[in-house]
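As a plain string of letters, each chain reads:
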Amino acid sequence: MRSPLPKVFITCAVTGNLTSPSQTPYLPVTPEEIANSSLAAADAGAAIIHIHVRDPISGAPSMDIAMYREVIDRIRSRNSQLIINLTTGPGGRFVPSEQDPRVAGPGTTLLIPEKRVQHIAALKPDICTLDLNTMNSAGQVVINTPANVRRMAAVINAAGVKPELELFDSGDIALLHDLVKDGTLRGPLLTCFILGVQYGFQPSAETVVYARNLVPETACFTAIGIGRSAFQAVALSYLTGGNIRVGLEDSVYLERGVLAQSNAAMVAKARRIVEDLGGQIASPTEARALIGLSPLAA
């Protein structure tokens, strides 16, 4: 049996790839909005900011390195200690055409692995996500083959960036163990369990304990709830020995029927849940030590 950690860090996933401006008017879209939302979330208690960027005009997902750089520069100009976590998720989606499923249809984003991590090599954030899932997703397919994951990991490792391993089902954890065995991944591992995606891990205490017991005992984990399970996952993750993530990437609601007006409001609620359960929140400096990152100069 594991007890809650003495201190937990909060990650805020600020905008994501799939949440759309049509779902909520409070979604940050421009680099300035994303940076300001990140800084406000940090003020509310987040130690880590997970960043996607968007086309400032359409709000559509983007992989523009200049926009990633602008977001990072804006954050760093005002907060030198906040831990920055960039996504590498875009570029792995396949949509078969109706006429021929072998042919990519509209919505396909597949890119060569090195293209998906070129911003990591260029910008060298503290952390970046590395998805280990190949799965059905809303009638489409997300593809992360073991060979492509290894190619992405090689770039991430060469950049000196710590990967956060996104795990959507138990098969992803089996792949994680293979990647550890062959030296692609080196500990201590930073992992997260994604709960609530339709064809992946389903949100429950049993799921979190099951997934936690499959990863190496030394691995740091966060259980992340998607949609209605966002704040349920906060309690589940804390009570089972994990850390915390919330944000407009994962859910647009602060409570039933009430839109979250900011990422900071979601972080503040997650912090209250942890503190009401007797927990303490780690600062960015403390989170760096918990994750195994080098300290930054002030």
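Residues numbered from 1 in each chain as written. Predicted model: local features only at pLDDT ≥ 70, side-chain atom pairs only at ≥ 80, totals over all residues. Heavy atoms only, no water.

**A look at the overall build of the protein**
Part 1 of the reasoning: Each helix and strand in the protein was counted, giving 10 helices and 15 strands.
Part 2 of the reasoning: Against the compact-globule benchmark of 19 Å for 298 residues, the protein has a radius of gyration of 18 Å, which places it among compact chains.
Part 3 of the reasoning: Referenced to the eigenvectors of the C-alpha coordinate spread, the extents of the protein come out at roughly 55 × 45 × 40 Å.
Part 4 of the reasoning: The 298 residues of the protein split such that 51% are buried.
Part 5 of the reasoning: Summarising the internal contacts of the protein: among those between residues at least 6 apart in sequence, 71% fall at separations of at least 24.
Part 6 of the reasoning: Roughly 13,000 Å² of accessible area belongs to the protein as shown, and the carbon and sulfur atoms make up 54% of that amount.
Part 7 of the reasoning: Measuring between centres, the 25 positive side-chain charges of the protein sit 3 Å from its 26 negative side-chain charges. (Helix = DSSP H or I, 4+ residues; strand = E, 2+ residues; numbered from the N terminus. Rg over C-alpha atoms; globule rule 2.2 N^0.38 Å. Buried < 20%, exposed > 50% of the residue type's maximum accessible area, 1.4 Å probe, protein only. Contact = heavy atoms within 4.5 Å. Areas by Shrake-Rupley, 256 points an atom, 1.4 Å probe, with all protein chains shown as cover. Lys, Arg positive; Asp, Glu negative; His and termini not counted. Charge placed at Lys NZ, Arg CZ, Asp CG, Glu CD.)

**Some words on the packing of helix α1 (residues 31–44) against helix α9 (residues 263–276)**
Part 1 of the reasoning: Running from N to C, α1 and α9 cross one another at 20 degrees; their axes reach a closest spacing of 8 Å. With respect to α9, the axis of α1 lies roughly parallel. The chirality of how α1 crosses α9 is right-handed. For the pair α1 and α9, the contacting residues are Ser37, Ala40, Ala41 and Ala44 in the first and Asn263, Ala264, Val267, Ala268 and Arg271 in the second.
Part 2 of the reasoning: Partitioned by chemical class, the residues of the contact of α1 with α9 number 6 nonpolar, 2 polar and 1 charged. (Axes fitted to C-alpha atoms, helices over the stretch in contact; angles between N-to-C directions. Parallel < 35°, antiparallel > 145°, perpendicular 65-115°, else oblique. Left-handed = near helix turned anticlockwise from the far one by under 90°. Nonpolar A, V, L, I, M, F, W, Y, C, P; charged D, E, K, R; others polar.)

**Quick notes on the pattern of salt bridges**
Part 1 of the reasoning: Tallying each qualifying case throughout the model produces 11 salt bridges.
Part 2 of the reasoning: With its nearest N and O atoms 3.2 Å apart, the salt bridge here joins Arg102 to Asp100.
Part 3 of the reasoning: Across the salt bridge formed by Glu166 and Arg245, the nearest N and O atoms sit 3.7 Å from each other. Of this pair, Glu166 sits in strand β10 (residues 162–167) while Arg245 sits in strand β13 (residues 244–246), and the two are 79 residues apart along the sequence.
Part 4 of the reasoning: The buried category is assigned to Glu166, whose relative accessible area is 8%.
Part 5 of the reasoning: On the basis of relative accessible area, Arg245 is assigned to the buried category, the value being 4%. (Salt bridge = Lys/Arg side-chain N within 4 Å of Asp/Glu carboxyl O.)

**A short note on the nonpolar core**
Part 1 of the reasoning: Ile51 and Leu130 are the most contacted members of the largest nonpolar core, which has 69 residues in total.
Part 2 of the reasoning: The contacts of Ile51, once residues within four sequence positions are left out, are Ile34, Tyr68, Val71, Ile75, Ile84, Asn85, Leu86 and Thr87.
Part 3 of the reasoning: Counting 11 residues, the second largest nonpolar core, distinct from the first, contains Ala47, Ile83, Leu190 and Cys220. (Core = buried A, V, L, I, M, F, W, Y, C linked by side-chain atoms within 4.5 Å.)

**Focus: the packing of aromatic side chains**
Part 1 of the reasoning: A full pass over the atoms with the stated rule returns 2 aromatic pairs.
Part 2 of the reasoning: Their ring planes at 70 degrees and their centres at 6.5 Å tell us that Phe193 and Phe201 sit as a pair that is edge-to-face.
Part 3 of the reasoning: Here the aromatic rings of Phe193 and Phe221 are separated by 5.2 Å at their centres, their planes lie at 20 degrees, and the arrangement is stacked. One end of the pair, Phe193, is in strand β11 (residues 190–195); the other, Phe221, is in strand β12 (residues 220–225), and 28 residues separate them in sequence.
Part 4 of the reasoning: Residue Phe221 is classed as buried on the basis of its relative accessible area, which comes to 1%.
Part 5 of the reasoning: Ring pairing ties together the aromatic residues Phe193, Phe201 and Phe221, which thus form one cluster.
Part 6 of the reasoning: Lying across the ring of Phe231, Lys269 places its NZ or CZ 4.4 Å from the centre. (Phe/Tyr/Trp six-rings, centres within 6.5 Å; stacked < 30°, edge-to-face > 60°. Lys NZ or Arg CZ within 6 Å of the ring centre and 35° of its normal.)

**Some details on the sheet that holds strand β5 (residues 83–86)**
As a general point, the strands of a sheet are linked pairwise by backbone hydrogen bonds and lie either parallel or antiparallel.
Part 1 of the reasoning: The parallel open sheet is built from 8 strands, whose spatial order is β12-β11-β10-β7-β5-β2-β1-β13. The open sheet terminates on both sides in strands that have one partner only, identified here as β12 and β13. Pairwise comparison of adjacent strand axes, ignoring direction, gives a mean angle of 25 degrees for this sheet.
Part 2 of the reasoning: Taken together, the 4 bridges between β10 and β11 define a ladder with parallel strand orientation. Looking across to β11, one finds that Leu167 is bridged to Phe193. (Pairing = 2+ DSSP bridges.)

**A short note on the sheet that holds strand β6 (residues 93–94)**
Part 1 of the reasoning: Read across the open sheet, the 3 strands follow the order β6-β9-β8; overall the sheet is antiparallel. Two strands in the sheet have a free side with no partner beyond their single neighbour: β6 and β8 (135–137).
Part 2 of the reasoning: By the bridge criterion, 3 bridges tie β8 to strand β9 (residues 140–142) in an arrangement that is antiparallel. Directly across from Asn136, in β9, lies its bridge partner Val141.

**Remarks on the packing of helix α8 (residues 230–239) against α9**
Part 1 of the reasoning: Interaxial distance between α8 and α9 falls to 10 Å at its minimum, and their mutual angle equals 40 degrees. On the basis of the axis angle, α8 is oblique to α9. Both α8 and α9 take part in a crossing whose hand is right-handed. Residue-level contacts link Phe231, Val234, Ala235 and Tyr238 of α8 to Met266, Lys269, Ala270, Ile273 and Val274 of α9.

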